[in-house]
Amino acid sequence: MNPNQLRTIILIFCCASSSLLAEVFPGREGFDRYGGYLALKGEATGRFHLDFINGRHFLITPEGHGFVSIGVSHTGGMGHPEDSNCDCFQIKFGGDWSKVNTDLQSNFRTWGYNSLGYGGHVTTRKLLPHFASSSPSGKISTWMGKQVEFPDVFSDSWKQGAIKKLKRMAKNYDASSPNLIGIYWTDMPAWDLEYSKRRTGKTWMEAIRELPEDAPGKVRYERFLLENESSASDEEFMVLIAREVYSHIGPLTRELFPDTLIFGERYAGAALPWEVIQEALPWIDVVSVQPNSTTFPAESFERLYRETRKPVMICDHGMSFNTPEHSNVMWETLPDVASVGQSYERYLKEGFSTSFLIGYNRCQYIDRYKGSQKILKQGLLQVDGKPYPDLVDAIQKVNWGLHERFNKKIARD
């Protein structure tokens, strides 16, 4: 069987099974089942993929239409009240995910969201485009603070552990699902030495130097010092660590998810490790970034695209405001809801005026209080499940304005 015949069979199967999938924007003209823009035509392959249409990068839906992922991450947090003072999942929805999903889909359709980002519940992922996520590199996320653990990636034990994590992801996510947009690896990895030291109190290089003399990582480091002598630098060895990581997890991810885009690690926007990202390029389709400012980082993103020639995904981002109950809120805090709405509009307008931004996923669906950090992770919904009315009104206007632009203006250009 040749590749074209196989593709035809896959497409027929996906079209036949698409009747089992929910429609993102039912009843709205101009959209396909997945929320793709009918005016932007690509190739229907039965899976999400990438294309360059009318001078810019787009995701393409399984049905063959241009798509930008305007989504919300961590929607599965509805089922985890943590230290919040109200368990909306039980009180409002009776612990029933089907009821949660009905409410969530209604909200998303009203507000103009077309995807879940990552961290969605398994039942919700059957209804909306989404991303899979794993942490094969290990516990190296800077948000972990002093709990970070830098592994010896030159060791067989790390390699076997990474394989187990990726296979676990493949077990938890349906690799054949047409709703699966792409794969994420580790969140906010601690590649930048200065940023890592500031956020976690330690760097990967310090961990390498603390390894036993016979540890594979220490042996490789000593050989690196011998080979480079006075020109050896920590930054150069970090590139070797990255090469070891990506050359191991990249091929395996391709093998486990052969028809799925790889969005790679979710790099911190405040510390983009340029040389490290270069090592990931052979294995990723998109560069994913988690910015931290309420203004679009145009200069660093332009450089990122210039140096990688890959489209860019904003995988997790937030803008917040204080509430009567919480004066310590995650993300950059603005004076009030109106300021958040204005910043959100400027941010998305500037971001999507580029040729390379293919998606923006907001952090958090429902308020969650992190007691250990004494901080609110602010959502679109308050802890009791009621929306922040002024916030969602502003977001709805921006999101639908963006969809209108891509569905009409670009199609005419």
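**Regarding the overall build of the chain**
So, point 1. Of the regular secondary structure elements, the chain holds 13 helices and 15 strands.
So, point 2. Reported as C-alpha extents along the three principal axes, the dimensions of the chain are approximately 65 × 65 × 40 Å.
So, point 3. For the chain, with 413 residues in total, the buried portion stands at 55%.
So, point 4. Partitioning the intrachain contacts of the chain with sequence separation of at least 6 by distance along the chain shows that 68% fall at a separation of at least 24.

**As for the packing of helix α8 (residues 216-228) against helix α9 (residues 234-256)**
So, point 1. The interhelical angle for the contact between α8 and α9, taken along N-to-C directions, is 130°, at an axis separation of 11 Å. The angle between α8 and α9 places the two elements in the oblique class. Considering only the axes of α8 and α9, their crossing is right-handed. For the pair formed by α8 and α9, the contact residues are Gly217, Arg220, Tyr221 and Phe224 on the first element and Asp234, Glu236, Phe237 and Leu240 on the second.
So, point 2. Within the contact of α8 with α9, the residues separate by chemical class into four nonpolar, one polar and three charged.

**A word on the packing of aromatic side chains**
So, point 1. In total, this model carries 30 aromatic pairs according to the counting rule given.
So, point 2. Taking the centre distance of 6.0 Å and the plane angle of 80° together, the rings of phenylalanine 108 and tyrosine 365 count as edge-to-face. Of this pair, phenylalanine 108 sits in helix α3 (residues 97-111) while tyrosine 365 sits in the loop between β13 (357-363) and β14 (368-370), placing them 257 residues apart in sequence. Neither residue differs from the other here; phenylalanine 108 and tyrosine 365 are each classed as buried.
So, point 3. Ring geometry for phenylalanine 154 and phenylalanine 237: centres 5.9 Å apart, planes at 35°, overall tilted. Of this pair, phenylalanine 154 sits in the loop between β6 (130-133) and α5 (156-172) while phenylalanine 237 is found in helix α9, placing the two residues 83 residues apart along the sequence. Take phenylalanine 154 and phenylalanine 237: they sit in the same class, and that class is buried.
So, point 4. Here arginine 266 stacks its cationic end above the ring of tyrosine 118, 3.7 Å away from the centre of that ring.

**Looking at empty space enclosed by the protein**
So, point 1. Evaluation of the coordinates by the stated rule reveals five cavities of 30 Å³ or more.
So, point 2. Each pocket or cavity is described by its volume, and for the largest cavity that value is around 50 Å³.
So, point 3. As for the largest cavity, its lining consists of His317, Gly318, Met319, Val340, Tyr344, Tyr360, Arg362, Leu391 and Ile395.
So, point 4. Of all the secondary-structure elements, those providing two or more residues to the lining of the largest cavity are α12 (337-351), β13 and α13 (389-412).
So, point 5. Within the lining of the largest cavity, the residues separate by chemical class into six nonpolar, two polar and one charged.

**Observations regarding the sheet that holds strand β4 (residues 65-67)**
So, point 1. In space, the four strands of this open sheet follow the order β1-β4-β3-β2, with antiparallel pairing throughout. Taken across any chain shown, the strands that pair with only one partner, and hence form the sheet edges, are β1 (37-41) and β2 (49-53). Shown here is a sheet whose adjacent strand axes are inclined to one another by a mean of 60°, direction ignored.
So, point 2. Looking at chain direction, β1 and β4 are connected through two bridges and run antiparallel. Looking at β4, one finds that lysine 41 is bridged to histidine 65.

**Side note on a negative patch on the surface**
So, point 1. The grouping of Glu194, Glu235, Glu236 and Glu275 at the surface amounts to a negative patch.
So, point 2. Its place among the elements puts glutamate 236 in helix α9.

**Some thoughts on the sheet that holds strand β8 (residues 261-268)**
So, point 1. Judged by pairing direction, the sheet is parallel, and its seven strands sit side by side in the order β5-β13-β10-β9-β8-β7-β6 without closing on themselves. Two strands close off the open sheet at either side, each with one partner strand: β5 (69-73) and β6. On average, each strand axis in the sheet is inclined to that of its neighbour by 25°, with strand direction left out of account.
So, point 2. Here three bridges tie strand β9 (residues 287-290) to strand β10 (residues 312-317), and the two strands are oriented parallel to one another. Of the residues in β10, the one forming a bridge with serine 288 is methionine 313.
So, point 3. Docked against the sheet, helix α11 (residues 298-308) engages β9 and β10, running at close to 160° with respect to β9.

**Details of the side chain of serine 115**
So, point 1. Note that serine 115 resides in the loop between α3 and α4 (122-125).
So, point 2. On the accessibility criterion, serine 115 (0% relative accessible area) is buried.
So, point 3. At 2.7 Å, the side chain of serine 115 forms a polar contact with the side chain of serine 69.
So, point 4. A polar contact of 3.2 Å, which involves the side chain of serine 115, links it to the side chain of asparagine 114.
So, point 5. Not counting residues up to four positions away in its chain, the partners in contact with serine 115 are Phe67, Ser69, Ile70, Gly71, Val72, Phe108, Pro129, Ile181 and Asn361.

**Details of the pairing of β2**
So, point 1. By the bridge criterion, five bridges tie β2 to strand β3 (residues 56-60) in an arrangement that is antiparallel. Following the sheet pairing, isoleucine 53 is matched in β3 by arginine 56.
So, point 2. Taking the residues between adjacent antiparallel strands as the criterion, β2 and β3 are bridged by two residues, where asparagine 54 takes a positive phi near 50°.

What counts as what
- Residues numbered from 1 in each chain as written.
- Predicted model: local features only at pLDDT ≥ 70, side-chain atom pairs only at ≥ 80, totals over all residues.
- Heavy atoms only, no water.
- Helix = DSSP H or I, 4+ residues; strand = E, 2+ residues; numbered from the N terminus.
- Buried < 20%, exposed > 50% of the residue type's maximum accessible area, 1.4 Å probe, protein only.
- Contact = heavy atoms within 4.5 Å.
- Axes fitted to C-alpha atoms, helices over the stretch in contact; angles between N-to-C directions.
- Parallel < 35°, antiparallel > 145°, perpendicular 65-115°, else oblique.
- Left-handed = near helix turned anticlockwise from the far one by under 90°.
- Nonpolar A, V, L, I, M, F, W, Y, C, P; charged D, E, K, R; others polar.
- Phe/Tyr/Trp six-rings, centres within 6.5 Å; stacked < 30°, edge-to-face > 60°.
- Lys NZ or Arg CZ within 6 Å of the ring centre and 35° of its normal.
- 1 Å grid on protein atoms, 1.4 Å probe; cavity = no way out; pocket = protein on both sides within 12 Å on 5 of 7 lines; lining within 4 Å.
- Points joined across faces, edges and corners; volume = space filled by probe spheres on them.
- Pairing = 2+ DSSP bridges.
- Patch = residues over 30% accessible without salt bridge, like charges linked within 9 Å, V, L, I, M, F, W, Y side chains within 5 Å.
- Areas by Shrake-Rupley, 256 points an atom, 1.4 Å probe, with all protein chains shown as cover.
- Salt bridge = Lys/Arg side-chain N within 4 Å of Asp/Glu carboxyl O.
- Lys, Arg positive; Asp, Glu negative; His and termini not counted.
- Charge placed at Lys NZ, Arg CZ, Asp CG, Glu CD.
- Polar contact = N/O pair within 3.5 Å; in protein donor to acceptor, adjacent residues only side chain to side chain.

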